[in-house]
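# An overview of the molecular structure
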Amino acid sequence: MRFKNRSEAGIQLAVLLQKYAGDDLVVYALPRGGVPLGIEIAKKMQAPFDLVITKKIGHPGNPEYAPCAIAEDGEPVCNHDDICYIDNKWLQEEINRVREEIKRRREKYFGEIVHPNIEGKTAIIVDDGIATGYTMLAAINEIKRRKPKKIVVAIPITPEDTARELRKITDDLVSVEIDPFYLGAVGAYYDDFRQVEDEEVISLIQSLKEKI
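These numbers were taken from a predicted model, which means no experiment stands behind them.

This next bit is on the overall build of the protein chain. Each helix and strand counted, the protein chain has 7 helices and 10 strands in total. Its C-alpha atoms give the protein chain a radius of gyration of 17 Å, near enough to 17 Å, the size a compact globule of 212 residues would have. With the principal axes as the frame, the protein chain shows a C-alpha extent of 45 × 40 × 35 Å. For the protein chain, with 212 residues in total, the buried portion stands at 49%. Taking contacts inside the protein chain between residues at least 6 apart in sequence as the whole, the part at least 24 apart equals 66%. On the protein chain, roughly 10,700 Å² of surface is accessible, and the fraction owed to carbon and sulfur atoms is 47%.

This is how it looks when you write it as structure tokens:
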């Protein structure tokens, strides 16, 4: 299975998500890559759209490796085998720094920090793919704090083992394909997987507002 681009992947997910069309729901995208998909789903479902902003925390000895991820207010999701060797003071300072960066990013995208009330509603969390899973786990934990009735994760392609784990902690996982032989990189499933820039995120959100 390959997708032309993220928008096409979002359209295909929107078709599969029609079983929730009668629900009172909110669509959440993980920026930046999940935004084009989430916008397509929100348009198709005629649902409110928001972001659940997550960010990885790089290892002090190797910033390219991220043993933790956090969302806006939830607790960090970490590989405990790795963080037991990291200075706790450094880690807490980095968590605080990243939280401030997340707040700045939300203000840049939306102009103000306002979260829709989703208590008793269905929350659909969307991303363009999944690798280590830390950012998605952080997003799920963040949304759980807001007490939705259901949490549905929507990802175009999901590794089979990851799918099993996600189904344990959510109400549903919606994927175009569950791949038992995952290719190891999200971009391997897209013809066009260019990086989504902040300006595109802002433009997509504005275009959705104009259609409402």
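So that's the structure; there's more coming.
Here we take up the sheet that holds strand β3 (residues 55-57). In spatial order, the strands read β3-β4-β5; together these 3 strands make up an open sheet with antiparallel pairing. One side of each edge strand has no neighbouring strand; the edge strands of this open sheet are β3 and β5 (77-78). With 2 bridges connecting them, strand β4 (residues 68-70) and β5 associate as antiparallel partners. Within β5, the residue paired with Cys68 across the bridge is Cys78.

A word on the sheet that holds strand β1 (residues 25-29). Read across the open sheet, the 5 strands follow the order β2-β1-β6-β7-β9; overall the sheet is parallel. Of all strands in the sheet, those bounded by a partner on one side alone are β2 (49-51) and β9 (172-174). Across this sheet, the average inter-strand angle for adjacent strands is 25°, counted without regard to direction.

Moving on, we come to the pattern of salt bridges. Considering all chains together, one arrives at 17 salt bridges under this definition. Two residues, Glu100 and Lys103, come together in a salt bridge whose shortest N-O distance is 3.8 Å. Of this pair, Glu100 and Lys103 both sit in helix α4 (residues 88-110), 3 residues apart, which is roughly one turn of that helix. Taking relative accessible area as the criterion, Glu100 reaches 40% and is therefore assigned partly exposed. When its relative accessible area of 38% is taken as the criterion, Lys103 is described as partly exposed. Across the pair Arg194 and Asp192 runs a salt bridge, and its minimum N-O distance is 3.0 Å. Judged by relative accessible area, Asp192 falls into the partly exposed class, the value being 24%.

Helix α2 (residues 35-45) packs onto helix α1 (residues 6-16) with a crossing angle of 40° between their chain directions and a minimal axis gap of 7 Å. Judged by the angle between their axes, α1 and α2 are oblique. The handedness of the crossing between α1 and α2 comes out as right-handed. Facing α1, whose interface residues are Arg6, Ser7, Ala9, Gly10, Ile11, Leu13 and Ala14, α2 presents Pro36, Leu37, Glu40, Ile41, Lys44 and Met45. Tallied by class, the residues present in the contact of α1 with α2 amount to 8 nonpolar, 2 polar and 3 charged.

With respect to the helices and strands, the residue Arg6 is situated in helix α1. In this structure the side chain of Arg6 is engaged in a polar contact, spanning 2.9 Å, whose partner is the side chain of Asp128. Those residues in contact with Arg6 that lie beyond four places of it in its chain are Gly33, Pro36, Leu37, Asp128, Tyr190, Asp192, Phe193, Arg194 and Val196.

Moving on, we get to the pairing of β1. For β1, a buried count of 5 out of 5 residues is recorded, marking the element as mostly surrounded by other parts of the structure. Burial of β1 is two-sided: the residues Leu25, Val27 and Ala29 facing one way and the residues Val26 and Tyr28 facing the other way are all buried. Taken together, the 3 bridges between β1 and β2 define a ladder with parallel strand orientation. The residue of β2 that forms the bridge with Ala29 is Leu51. Traced from β1 through α2 to β2, the parallel crossover comes out right-handed.

Criteria and thresholds
Residues numbered from 1 in each chain as written. Predicted model: local features only at pLDDT ≥ 70, side-chain atom pairs only at ≥ 80, totals over all residues. Heavy atoms only, no water. Helix = DSSP H or I, 4+ residues; strand = E, 2+ residues; numbered from the N terminus. Rg over C-alpha atoms; globule rule 2.2 N^0.38 Å. Buried < 20%, exposed > 50% of the residue type's maximum accessible area, 1.4 Å probe, protein only. Contact = heavy atoms within 4.5 Å. Areas by Shrake-Rupley, 256 points an atom, 1.4 Å probe, with all protein chains shown as cover. Pairing = 2+ DSSP bridges. Axes fitted to C-alpha atoms, helices over the stretch in contact; angles between N-to-C directions. Salt bridge = Lys/Arg side-chain N within 4 Å of Asp/Glu carboxyl O. Parallel < 35°, antiparallel > 145°, perpendicular 65-115°, else oblique. Left-handed = near helix turned anticlockwise from the far one by under 90°. Nonpolar A, V, L, I, M, F, W, Y, C, P; charged D, E, K, R; others polar. Polar contact = N/O pair within 3.5 Å; in protein donor to acceptor, adjacent residues only side chain to side chain. Right-handed = clockwise from strand over helix to strand, strands pointing away.

These figures come from the coordinates and say nothing about function on their own.
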